[in-house]
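Structural description and commentary
Residues per chain are reported as follows:
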Amino acid sequence: PTKSTRQSVADVDDLIAESLSVTRTLTAELSPGILHRSGLVAALHWLGRLYEAQFNLTITVDAEEVELEEEVRTTLFRSVRELLFNIVKHAGVTSARVRLWRDADGRVRVAVSDEGVGFDPEAVRNREGTTGSFGLFSLRERLEMLGGRLDVVSAPGRGAAVTIAAPPVRQMRPEEGLPPEEASAAAAAGPGRKRTGG
């Protein structure tokens, strides 16, 4: 091979290596291993350290341990990540707060807040979709499709607080824990009937 061919191959190798590195980083940020191994609280602390290192945004995490289904845990993590990125892009602050708790009704809630420039939520809602961006109110739609809720409190010059009420935990029907043939029999028997046989 000629020198220019060798250089072209080396350039392609470098591009592939860089692409793989970016892909691994994005995958880790979207759904890091710590989220699945150690839960949402550990993942929120990890996200705080990541944002401090990458964006110089100090994040205070105030979180209590809660039991969540995998899909809900992942949805909450991605939502918080997106909200923090909005703070980096728009709020003009160097700190933010993430709070995770279970309310009196037993519903898990996450609040992401800052004391930045704030915004008019109605004006933002009216602009949604005009720029092709995947914004705050698109996030609301995704959460509502899963049975969750997103509330925004903000005003120009007064910071912003976004609270997510997690989708409720899905209740398993009695037959869902059974092998397929027994589940079919239990479902056919209907509620209130005992299975017989052995």
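Notes on the structure follow. (Residues numbered from 1 in each chain as written. Predicted model: local features only at pLDDT ≥ 70, side-chain atom pairs only at ≥ 80, totals over all residues. Heavy atoms only, no water.)

**A closer look at the packing of aromatic side chains**
Between two aromatic rings, the relevant description is the distance of the centres plus the angle of the planes. Overall, the coordinates contain three aromatic pairs when judged by the stated rule. Taken together, a centroid distance of 6.4 Å and an interplanar angle of 35° make the contact between W46 and F77 tilted. With W46 in helix α3 (residues 40-55) and F77 in helix α4 (residues 70-91), this residue pair connects regions lying 31 residues apart in the sequence. On the basis of relative accessibility, which here comes to 0%, the residue F77 falls in the buried class. Aromatic ring contacts, followed pair by pair, group Y51, F55 and F85 into a single cluster. Cation over ring: R99 sits above W101, and NZ or CZ is 4.0 Å from the ring centre. (Phe/Tyr/Trp six-rings, centres within 6.5 Å; stacked < 30°, edge-to-face > 60°. Helix = DSSP H or I, 4+ residues; strand = E, 2+ residues; numbered from the N terminus. Buried < 20%, exposed > 50% of the residue type's maximum accessible area, 1.4 Å probe, protein only. Lys NZ or Arg CZ within 6 Å of the ring centre and 35° of its normal.)

**Considerations on the pairing of strand β4 (residues 149-154)**
Covered by surrounding structure in β4 are L150, V152 and S154 only, the residues R149, D151 and V153 on the alternate face being uncovered. Across six bridges, the pairing between β4 and strand β5 (residues 160-165) is antiparallel. Residue pairing across strands places D151 opposite T163, the latter belonging to β5. Taking the residues between adjacent antiparallel strands as the criterion, β4 and β5 are bridged by five residues, where G157 takes a positive phi near 80°. (Pairing = 2+ DSSP bridges.)

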